[in-house]
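Structural overview
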Amino acid sequence: MEIGVILGDVRTTVSPRDHLDLLLRQVEAAQRNGLTYITIGHHYLYGDLRWLQPVPTLARLAAELDEHVTLATTIIQAPLYHPVALAEELATLDIMSRGRLVVGIGAGYRSDEFTALGVDFAARFAMLDESVALMKRLWTEDHVTHAGRFWPLDDARPHIKPWQEPHPPLWVGAMGRVGVLRSARLGDGWPVTPETKIPDMVRLLSLYEDERERLGKHQVRHPLRREIVPAATTDAAFERFEYMAKERLVAYAQRQLATRDAGELTSSFREVAAKETFIGTPDECVAQIRELAAVVPIDPILVRAQWPHLTGDEVVEYLDDLGRDIVPAVREIVPVARVVRG
């Protein structure tokens, strides 16, 4: 199994120069410690937090990559782009990375972003369907005529094809049954969210596999967005995670992320952490990963090293801990190819 890192947001009080320096330092530390995916999310108008835009950021980082490292968007909000623009930007990024791009794509969840850009929030899932279908054609066909609901095209002639053929792998985001069926139909993996409980993970991944089988598509492994928090003792690990993440996770709940409950995070953080993270001593973390990988086909695990209040030294220290105590053991784990159904 592999581990990757999702690049996070910082407070807007951090200067752009310091933000870039922290980003490059984090990428260097991640690669030095054996992490093999560098990923970033996608937001607009984030208030007192700065979230760099994914395509130009990853294009800059492509020049820093070791040959075995993959870039990914996790998750880019397709309805907020015209598919022609997004297809060409992502094809360009695939070229700049020499074919080491995974496109994580989804519908979005913050209505204020849609309102600001004049996009109908209620139509976002239909827009995601149409966008992905149209981008696949733009990546693979020389002439595209498309009589769509949102983005009609008449004999469009795409001029940028991706490095990878027929196109980069697609991780299609979802938060429930209907979305997982969409992900199985459109993509090459479902990026499992950290708050997905294990019984729900088993149920939804089984549904995904059944849909792929019905469609005659090959089975895949799925990226898991979940923190790995090692420390000398179990109690120290919970204290470390609370220091790293509690403030930010409460903020997520307050920014319209429906799967988060700010009250629960505030009053019962340790209980939430126990359900949503691999946490404890290094041996305990590895055992938890091994136990889950024996049941569901997950790979890679995507962690967050940079939380808004952490210093650069703290980010690097965390990545060094993973590289020393977690990455070598996790590399030895081979996840199941399909869900083990009880």
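First, a word on what this report is: a plain description of the structure on this page. (Residues numbered from 1 in each chain as written. Predicted model: local features only at pLDDT ≥ 70, side-chain atom pairs only at ≥ 80, totals over all residues. Heavy atoms only, no water.)

1. Let's talk about the pairing of strand 13 (residues 298–304)
Most of strand 13 is tucked away: 7 of the 7 residues are buried. Here 4 bridges tie strand 1 (residues 3–7) to strand 13, and the two strands are oriented parallel to one another. Among the inter-strand pairings, Gly4 is bridged to a residue of strand 13, identified as Leu302. The sheet contact formed by strand 10 (residues 222–225) and strand 13 spans 3 bridges and is parallel. Paired with His222 across the strands is Ile298, a residue of strand 13. (Buried < 20%, exposed > 50% of the residue type's maximum accessible area, 1.4 Å probe, protein only. Helix = DSSP H or I, 4+ residues; strand = E, 2+ residues; numbered from the N terminus. Pairing = 2+ DSSP bridges.)

2. Regarding the sheet that holds strand 1
Pairing within the open sheet is parallel, and its 7 strands lie in the order 9-6-5-3-1-13-10. Strands at the two margins of the open sheet, each flanked by one partner only, are strand 9 (170–172) and strand 10. On average, each strand axis in the sheet is inclined to that of its neighbour by 25°, with strand direction left out of account. Inspection of the sheet shows strand 1 paired to strand 3 (residues 37–40) by 4 bridges, in the parallel sense. Residue pairing in the sheet places Leu7 in a bridge with Ile40 of strand 3. (Axes fitted to C-alpha atoms, helices over the stretch in contact; angles between N-to-C directions.)

3. What to know about a nonpolar patch on the surface
Judged by side-chain polarity, Ile95, Met96 and Trp163 come together as a nonpolar surface patch covering roughly 300 Å² of accessible area. Take Trp163: it is sitting in the loop between strand 8 (153–156) and strand 9. (Patch = residues over 30% accessible without salt bridge, like charges linked within 9 Å, V, L, I, M, F, W, Y side chains within 5 Å. Areas by Shrake-Rupley, 256 points an atom, 1.4 Å probe, with all protein chains shown as cover. Salt bridge = Lys/Arg side-chain N within 4 Å of Asp/Glu carboxyl O.)

4. Focus on the side chain of Thr39
Among the secondary structure elements, Thr39 is positioned in strand 3. Within the structure, the side chain of Thr39 is placed 3.0 Å from the side chain of Thr74, a separation counted as a polar contact. (Polar contact = N/O pair within 3.5 Å; in protein donor to acceptor, adjacent residues only side chain to side chain.)

5. As for the nonpolar core
Ile38, Ile105, Ile228 and Phe241 are the most contacted members of the largest nonpolar core, which totals 104 residues. Ranked by the residues each element gives to this core, the list is headed by helix 8 (residues 234–254), at 8 residues. Excluding residues that lie within four positions of it along the chain, Phe241 makes contacts with Glu227, Val229, Lys246, Leu249, Phe269, Ala273, Thr277, Ile279 and Trp307. With 5 residues, the next largest nonpolar core counts Tyr37, Ala72, Trp171 and Leu302 among its residues. (Core = buried A, V, L, I, M, F, W, Y, C linked by side-chain atoms within 4.5 Å. Contact = heavy atoms within 4.5 Å.)

6. Comments concerning helix 1 (residues 16–32)
Given a rise of 1.5 Å per residue, 17 residues ought to cover 24 Å, and the 24 Å separating the end C-alpha atoms of helix 1 matches this to within 8%. Restricting attention to buried positions, one finds in helix 1 the residues His19, Leu22, Leu23, Gln26, Val27, Ala29, Ala30 and Gln31. Summarising the contacts, the buried residues of helix 1 are in contact with strand 1, strand 2 (10–11), strand 3, strand 4 (49–50), helix 2 (54–62) and helix 12 (312–325). (Expected span 1.5 Å × (residues − 1).)

7. With respect to the packing of helix 3 (residues 83–96) against helix 5 (residues 124–140)
In contact at an axis separation of 9 Å, helix 3 and helix 5 are set at 55° when each is read in the N-to-C sense. As far as their axial angle goes, helix 5 and helix 3 are oblique. Handedness of the crossing formed by helix 3 with helix 5: right-handed. Judged by residue contacts, Pro83, Val84, Leu86, Ala87, Leu90 and Ala91 of helix 3 engage Ser131, Leu134, Met135, Leu138 and Trp139 from helix 5. Of the residues contributing to the contact of helix 3 with helix 5, the split by class is 10 nonpolar, 1 polar and no charged. (Parallel < 35°, antiparallel > 145°, perpendicular 65-115°, else oblique. Left-handed = near helix turned anticlockwise from the far one by under 90°. Nonpolar A, V, L, I, M, F, W, Y, C, P; charged D, E, K, R; others polar.)

8. Let's talk about the environment of Met175
Residue position: Met175 is located in the loop between strand 9 and helix 6 (177–186). Met175 sits in the partly exposed class, given a relative accessible area of 48%. It is 9.8 Å that separates the C-alpha atoms of Met175 and Glu195, two residues lying 20 residues apart in sequence.

9. Digging into the packing of helix 5 against helix 6
One can describe the packing of helix 5 onto helix 6 by two numbers: an axis separation of 11 Å at closest approach and a directional angle of 5°. Between helix 5 and helix 6, the angle falls in the class roughly parallel. From helix 5, Phe125, Leu128, Asp129, Val132 and Lys136 reach across to helix 6, where they touch Arg182, Arg185 and Leu186. Tallied by class, the residues present in the contact of helix 5 with helix 6 amount to 4 nonpolar, no polar and 4 charged.

10. Overview of the pattern of salt bridges
A full pass over the atoms with the stated rule returns 25 salt bridges. Glu213 is the partner of Arg338 in a salt bridge, and the nearest nitrogen-oxygen pair spans 3.1 Å. Of the two residues, Arg338 is situated in the segment after helix 13 (327–331) and Glu213 in helix 7 (residues 198–215); the sequence distance between them amounts to 125 residues. With a closest N to O distance of 2.8 Å, Asp321 and Arg240 form a salt bridge.

11. Focus: the pairing of strand 3
The alternating pattern of strand 3 places Tyr37 and Thr39 on one face and Ile38 and Ile40 on the opposite face, and all of these are buried. Direction of pairing for strand 3 relative to strand 5 (residues 70–77): parallel, over a ladder of 4 bridges. Looking at strand 5, one finds that Tyr37 is bridged to Thr70.

12. Quick notes on helix 5
Taking 1.5 Å of rise per residue, 17 residues should cover 24 Å, and helix 5 covers 24 Å from first to last C-alpha, within 8% of that figure. Buried within helix 5 we find Arg124, Met127, Leu128, Glu130, Ser131, Val132, Leu134, Met135, Leu138 and Trp139.

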